[in-house]
Amino acid sequence: MVNIEIRAHPKYSNIFISGHPSSLKLYTKNLIPGKRVYGERLITYKNTEYREWDPYRSKLAALLLENPSTDFLKSNLNCLYLGASSGTTISHLSDIAYEGIIYGVEMAHRSVRQLIQNISNRKNIIPIIGDANFPENYAKSIFTEINLIYQDVAQPNQAEIAISNCKYYLKDEGTLILAIKSQSINSVQKSEKVYAREKRTVKNAGYEIIESLNIHKYAANHIILIIK
Ligand SMILES: C[S@@+](CC[C@H](N)C(=O)[O-])C[C@H]1O[C@@H](n2cnc3c(N)ncnc32)[C@H](O)[C@@H]1O
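Definitions and limits used
Residues numbered from 1 in each chain as written. Predicted model: local features only at pLDDT ≥ 70, side-chain atom pairs only at ≥ 80, totals over all residues. Heavy atoms only, no water. 1 Å grid on protein atoms, 1.4 Å probe; cavity = no way out; pocket = protein on both sides within 12 Å on 5 of 7 lines; lining within 4 Å. Points joined across faces, edges and corners; volume = space filled by probe spheres on them. Helix = DSSP H or I, 4+ residues; strand = E, 2+ residues; numbered from the N terminus. Nonpolar A, V, L, I, M, F, W, Y, C, P; charged D, E, K, R; others polar. Domains from an automatic or database assignment. Near = heavy atom within 4 Å. Polar contact = N/O pair within 3.5 Å; in protein donor to acceptor, adjacent residues only side chain to side chain. Areas by Shrake-Rupley, 256 points an atom, 1.4 Å probe, with all protein chains shown as cover. Buried < 20%, exposed > 50% of the residue type's maximum accessible area, 1.4 Å probe, protein only. Contact = heavy atoms within 4.5 Å. Pairing = 2+ DSSP bridges. Axes fitted to C-alpha atoms, helices over the stretch in contact; angles between N-to-C directions.

Novice: For the layout of surface pockets, give the residues involved together with the corresponding values.
Specialist: Reported here for the largest pocket is a volume of approximately 410 Å³. Contributions of two or more residues to the lining of the largest pocket are made by β3 (25–29), β5 (48–53) and α1 (59–65). Class assignment for the residues of the lining of the largest pocket results in 11 nonpolar, four polar and five charged. Looking at which domains feed residues into the lining of the largest pocket, each of domain 1 (7–54) and domain 2 (60–227) gives three or more.

Below, the structure written as structure tokens:
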């Protein structure tokens, strides 16, 4: 059996790491020990089980490996997650925000069915079938204030969708994490132009971009914005 030493990340709450800083592996503490969500590796260290977090499968993991200066993760986060898909990233958020609630909005029925199967034993995730273009449509399913919105929907109007959800749900001092895939917006235009346009949409709506990180190493044509 491989003996992997796992330690707390020096900067981000509830994130764990192993290995040398140049080739870090990320983990979250498994909220439901013994259960995998997407075939990830489970590792027990000092009687605690951790789930390895793959940055090639999860843009949030990729973001953390790019070392943002903001620590936006907390155990009591209430998060609105737009584009939950079958549950890969949201399951790690559920490990991290174990005292909070994560509302996972997804419009593809097939993905929602898989999501429900994958996270049914995680009591802090509420799956919602809905289109993130219409935030008012899921208002009845959201019963706490929201201090983090995470969006990964790969749509042509990514920034607009994010802003309309922020206006509807995000607390004043809350954070928006916005994954932007240039190819979903315009497959012909240069990525940099597409990113610049989405950033303008965010700024014109009165939000401040705290950080912009390139995650091309893990996900082609993607950047992630951290917004207040
Ligand atoms: C790139 S995948 C998300 C992967 C997921 N964030 C993860 O890391 O586990 C994008 C998802 O957004 C969903 N989606 C696209 N447009 C949407 C919309 N308007 N409302 C809700 N979900 C949407 C798609 O069905 C797809 O499952």
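Novice: For the site of the ligand, give the residues involved together with the corresponding values.
Specialist: Close to the ligand lie 16 residues; Tyr 81, Thr 89, Glu 106, Ala 132 and Gln 155 are nearest. Here a nitrogen atom of the ligand and a backbone polar atom of Met 107 are 3.3 Å apart. Protein chains shield 85% of the accessible area of the ligand, which is 600 Å² for the free molecule.

Novice: Tell me about the side chain of Ser 18, residues and numbers included.
Specialist: Along the polypeptide, Ser 18 turns up in strand β2 (residues 16–18). Judged by its relative accessible area of 5%, Ser 18 falls in the buried class. In contact with Ser 18, not counting residues within four places along its chain, are Ile 4, Glu 5, Ile 6, Arg 7, Ser 23, Leu 24, Lys 25 and Tyr 27.

Novice: So what's going on with the sheet that holds β5? Residues and values would help.
Specialist: Taking strand neighbours across the sheet as the criterion, the five strands line up as β1-β2-β3-β5-β4 in an open arrangement whose pairing is antiparallel. Each edge of the open sheet is held by one strand with a lone partner, namely β1 (7–8) and β4 (42–45). For β3 and β5, the ladder comprises four bridges, and the chain directions are antiparallel. Directly across from Lys 29, in β5, lies its bridge partner Tyr 50. Sitting on the sheet, helix α2 (residues 88–96) is in contact with β3 and β5, with an inclination near 145° to β5.

Novice: Go over unusual backbone geometry, please, and point to the residues and values.
Specialist: Backbone geometry places Asn 67, a non-glycine residue, at a positive phi of 65°. Structurally, Asn 67 is set in the loop between α1 and β6 (78–82). With relative accessibility at 45%, the residue Asn 67 sits in the partly exposed group. Backbone geometry at Asn 221 places phi at a positive 55°, although glycine is not the residue there. Take Asn 221: it is sitting in the loop between β11 (209–214) and β12 (222–227).

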